[in-house]
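Listed here are the chains, written in short residue letters.
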Amino acid sequence: MKKITAFIAITAALTVMLCSTAFAGRTLTNGTSGDDVYTLQQLLAAYGYFYEDPTGYFGDVTENAVINFQYDYGLEADGIVGPLTCSYLGLATNEDSYSYDNSGASLSRTLYNGMSGSDVSTLQALLADYG
């Protein structure tokens, strides 16, 4: 049970770190590219569905990862990342901040290794809460 709780905590933290305002209002499909696709690939990797290095291009490998994720979560497995799939990925975005709905934590930027500041403290507190 401790391992499951740790996995959920790590996944939640990665979701907070990887959320991008670029997802707001854009549907991602095979053939699209950009930072939002790169972020999607990182998030799918965190969930265990994407095994390649992220490229930012939504091709067949990304589409298959999305389809497998959608299938496992009972969604229409069409390979299209719209609002419902984003919701199941844990993405909650708006123009001002990133948030993980169940924690109440809010971050104003994407965090990377080596960064510091109040957002890092917020993330560390969230991780501590999850053990």
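Residues numbered from 1 in each chain as written. Predicted model: local features only at pLDDT ≥ 70, side-chain atom pairs only at ≥ 80, totals over all residues. Heavy atoms only, no water.

A. Spatial organisation of a nonpolar patch on the surface. On the surface, a cluster of nonpolar side chains totalling about 300 Å² of accessible area is made up of Tyr-73, Leu-84 and Tyr-88. Position of Leu-84 relative to the elements: it lies in helix H4 (residues 83-89). You can call Leu-84 exposed: its relative accessible area is 53%. (Patch = residues over 30% accessible without salt bridge, like charges linked within 9 Å, V, L, I, M, F, W, Y side chains within 5 Å. Areas by Shrake-Rupley, 256 points an atom, 1.4 Å probe, with all protein chains shown as cover. Salt bridge = Lys/Arg side-chain N within 4 Å of Asp/Glu carboxyl O. Helix = DSSP H or I, 4+ residues; strand = E, 2+ residues; numbered from the N terminus. Buried < 20%, exposed > 50% of the residue type's maximum accessible area, 1.4 Å probe, protein only.)

B. The arrangement of the packing of aromatic side chains in detail. Throughout the structure, instances matching the rule amount to 4 aromatic pairs. Each ring, one from Tyr-47 and one from Phe-69, has its centre 5.6 Å from the other, and the planes form 65°; the classification is edge-to-face. Taken together, the residues Tyr-47 in the loop between helix H2 (35-46) and helix H3 (60-72) and Phe-69 in helix H3 connect sequence positions 22 residues apart. A relative accessible area of 1% means that Phe-69 is categorised as buried. Ring-pair connections join several aromatic residues into one group, and the members of that group are Tyr-47, Tyr-49, Phe-69, Tyr-73 and Tyr-88. (Phe/Tyr/Trp six-rings, centres within 6.5 Å; stacked < 30°, edge-to-face > 60°.)

C. Inspection of H2 at higher detail. For H2, spanning 12 residues, the distance from its first C-alpha to its last is 17 Å, which sits close to the expected 16 Å at 1.5 Å a residue. Turning to H2, its buried residues number three or more, namely Asp-36, Val-37, Thr-39, Leu-40, Gln-41, Leu-43 and Leu-44. Once H2 ends, the next one or two residues include Gly-48, with phi positive near 90°. (Expected span 1.5 Å × (residues − 1).)

D. Spatial organisation of the confidence of the model for the chain. Looking at the chain as a whole, its pLDDT mean stands at 74, while 62% of the residues score no less than 70. When pLDDT is averaged over each element of the chain, H3 comes out on top at 96 and strand S1 (residues 98-99) at the bottom at 46. Contacts of residues 15-22 to residues separated by more than four positions or lying in other chains number 29 contacts, the stretch itself having pLDDT below 50. Here residues 93-101 is a poorly scored stretch, pLDDT under 50, and it has 29 contacts once near neighbours within four places are set aside; other chains count. (pLDDT = per-residue confidence, 0-100. Contact = heavy atoms within 4.5 Å.)

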